Amino acid sequence: MTKKQLTCVADIATIAVNEYKRLIAEYQRLVHEYQILIHEYQILIHEYQRLIAEYKRLIAEYQRLIHEYQRLIHEYQKLIHEHKRLIAEYKRLIHEYQRLIAENNLGLAE
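Residues numbered from 1 in each chain as written. Predicted model: local features only at pLDDT ≥ 70, side-chain atom pairs only at ≥ 80, totals over all residues. Heavy atoms only, no water.

Draft legend 1. Summary view of the overall build of the protein. Helix and strand content of the protein: 1 helix and 0 strands. At 47 Å, the protein has a C-alpha radius of gyration far larger than the 13 Å of a compact globule built from 110 residues. Viewed in the frame of its principal axes, the protein has a C-alpha envelope of about 160 × 15 × 10 Å. The buried share among the 110 residues of the protein stands at 0%. Counting every atom, the protein has about 10,700 Å² of accessible surface; 65% of that belongs to carbon and sulfur. Side chains of the protein give 16 positive and 15 negative charges; the mean places of these two sets differ by 8 Å. (Helix = DSSP H or I, 4+ residues; strand = E, 2+ residues; numbered from the N terminus. Rg over C-alpha atoms; globule rule 2.2 N^0.38 Å. Buried < 20%, exposed > 50% of the residue type's maximum accessible area, 1.4 Å probe, protein only. Areas by Shrake-Rupley, 256 points an atom, 1.4 Å probe, with all protein chains shown as cover. Lys, Arg positive; Asp, Glu negative; His and termini not counted. Charge placed at Lys NZ, Arg CZ, Asp CG, Glu CD.)

Next up, the structure:
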């Protein structure tokens, strides 16, 4: 091999080594970006899990409020029933009072 051929081979080898180093640097940059993305993904997963836990807590609170609402509706219905019963009793007592007054007025008129 001539000196010119050896120089050419050495230049080609230098170019190949430099390209290899460039590819390694690019690979390391990509690995670093991938690690950043994995970290961001883990943060998002944690936030998602937190939101799911909050959603479950809100569902449980909603169900508790529904139960309380149904209990209050039932209590309200009982109070309405009692109110109607008392009104009927009040009307009966008024009618009885009016009857007694009428009987008393008839007795006084005789």
